[in-house]
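# Structural description and commentary
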Amino acid sequence: MKLFLGVDGGQSGTAAVIGDETGRVLGAGEAGPCNHAAAGEGRAKLERAVTESVRAACAQAGFDAAAVTFEAACFGMSGGPEDKQEILARILPARRLIVTNDAVIALAGATESGQGIITIAGTGSIAFGRNAAGRCARAGGWGYIFGDEGGGFDIARQAARAVLRAEEGWGPATRLREILLDATGAHSANELLHLFYTDAWPRSRVARLARLVDEAAAESEPAALEIIHAAAQHLALLAAAVRNQLWREGEPVQVAYIGGVFQSVILRSRFQTLVELQEGVTCGPPLRGPAEGALLEAIRA
């Protein structure tokens, strides 16, 4: 039996799936995050996460991890593949190794053909597409300084800005002030923002506050509702930008969404409505997860 491996390596964890050439999943395993590999500590974390997740997947499939050689393996890595190819080639026995970004494998699992558009919104955001000719395009994904509109960190950042404006008197009062101060233990907007500049509040932790903004929006808090609606619009614009690069007006296109931000009913519903305003576009959840998408990419290779 020829064995294939797909791995989703991200900021929150690493998921590995082993399958045969039909795409049937034989085993799956998980481990810690592996998105950074620049420093020695990051390399060690990457190697450990990959080794542990693949070993767990082998164990579930009934294989000896030390004796397995994969026909092909595909890794979709948050933060980009550039600094990880050499490390993975050294630790993983595979006849063919594909190292790409997380958007590619998310799309590969999202639709039956691996074509269409995937919009990802977790801590950050990006939209990625591939058409029938194999052409690819992206929009967004430029990090918290220059991009990531509509992502969890951006939603929390906009909420913090609304609180600051209210406290300084150049914006309307908002219940988000009470919500964010209670959640962080801060006593003022000034203290809140200073907290967000410390190591105790990395971007991933700040991004989790987006859930509180969504809860306030569900209770019709005006500032929160405006922030969630704006996030949906930004994400829809990313998807539209990719569509305009790869498809002609009116051509049928599947758009899928993935990531924690889309757990918001308000945001998800508005995103879907905005995306489907374009003729020929249909929008829905992904068929499979990113790790299975990576497995399919390995098989297609």
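This report concerns the structure included in the present document.

Cut-offs used in this document
Residues numbered from 1 in each chain as written. Predicted model: local features only at pLDDT ≥ 70, side-chain atom pairs only at ≥ 80, totals over all residues. Heavy atoms only, no water. Pairing = 2+ DSSP bridges. Helix = DSSP H or I, 4+ residues; strand = E, 2+ residues; numbered from the N terminus. Salt bridge = Lys/Arg side-chain N within 4 Å of Asp/Glu carboxyl O. Buried < 20%, exposed > 50% of the residue type's maximum accessible area, 1.4 Å probe, protein only. Axes fitted to C-alpha atoms, helices over the stretch in contact; angles between N-to-C directions. Contact = heavy atoms within 4.5 Å. Phe/Tyr/Trp six-rings, centres within 6.5 Å; stacked < 30°, edge-to-face > 60°. Lys NZ or Arg CZ within 6 Å of the ring centre and 35° of its normal. Core = buried A, V, L, I, M, F, W, Y, C linked by side-chain atoms within 4.5 Å.

## Some words on the pairing of strand β3 (residues 25–31)
Of the strand pairs in this sheet, strand β2 (residues 14–19) and β3 are connected by six bridges, and their pairing is antiparallel. Considered in β3, the bridge of I18 is made with G27. What sits between the antiparallel neighbours β2 and β3 is a turn of five residues, in which G23 has the positive phi angle 95 degrees.

## Some points on the pattern of salt bridges
For the structure shown, the criterion picks out 12 salt bridges. Residue E167 pairs with R177 through a salt bridge whose shortest N-O separation is 2.9 Å. Taken together, the residues span a long stretch of sequence, with E167 in helix α5 (residues 152–168) and R177 in helix α6 (residues 176–184) at a distance of 10 residues. A residue is classified by how much of its surface remains accessible, and R177, at 31% relative accessible area, is partly exposed. Taken together, the shared-partner salt bridges in this structure form one network comprising R130, E297 and R300.

## Observations concerning the sheet that holds strand β1 (residues 4–9)
Spatially, β3-β2-β1-β4-β5 is the arrangement adopted by the five strands of the open sheet, whose pairing is mixed. Across the chains shown, the open sheet's two edge strands, defined by having one partner strand only, are β3 and β5 (97–101). On average, adjacent strands in this sheet sit at an angle of 15 degrees to one another, irrespective of strand direction. Where helix α12 (residues 290–300) meets the sheet, it contacts β1, β2, β3, β4 (72–77) and β5, and its direction lies at approximately 140 degrees from that of β1.

## Things to note about the packing of aromatic side chains
The relative placement of two aromatic rings is captured by the distance of their centres and the angle of their planes. For the structure on display, the rule yields five aromatic pairs. Between the aromatic rings of Y144 and F153, the centroid separation amounts to 5.8 Å while the plane-to-plane angle is 80 degrees, which identifies the pairing as edge-to-face. By relative accessible area, Y144 is classed as partly exposed at 33%. According to the relative accessible area criterion, F153 is buried, its value standing at 15%. These aromatic residues form a ring-pair network of at least three members: Y257, F262 and F271. Over the aromatic face of W142 sits the side chain of R138, whose NZ or CZ is 3.9 Å from the ring centroid. Above the face of the W201 ring, R205 is positioned so that its terminal group lies 3.7 Å from the ring centre.

## Structural notes on the nonpolar core
Counting residues in hydrophobic clusters, the biggest one holds 51 residues, and the most contacted among them are I155, L176, V255, L267 and F271. It is helix α10 (residues 222–246) that contributes the most residues to this core, 12 residues altogether. Those residues within four positions of I155 in sequence are excluded, and the remaining contacts are G150, A210, V213, I227, I228, A231, V261 and L267. Residues L5, A31, M77 and I87 belong to the second largest nonpolar core, which totals 23 residues.

## Section: unusual backbone geometry
One can expect most non-glycine residues to show negative phi and most peptide bonds to be in trans. For D148, which is not a glycine, the phi torsion comes out positive at approximately 65 degrees. Secondary-structure assignment places D148 in the loop between α4 (143–146) and α5. With a phi angle near 65 degrees, S220 is a residue other than glycine that sits in the positive phi range. By secondary structure assignment, the location of S220 is in the loop between α9 (210–218) and α10. Given a relative accessible area of 52%, S220 falls into the exposed group.

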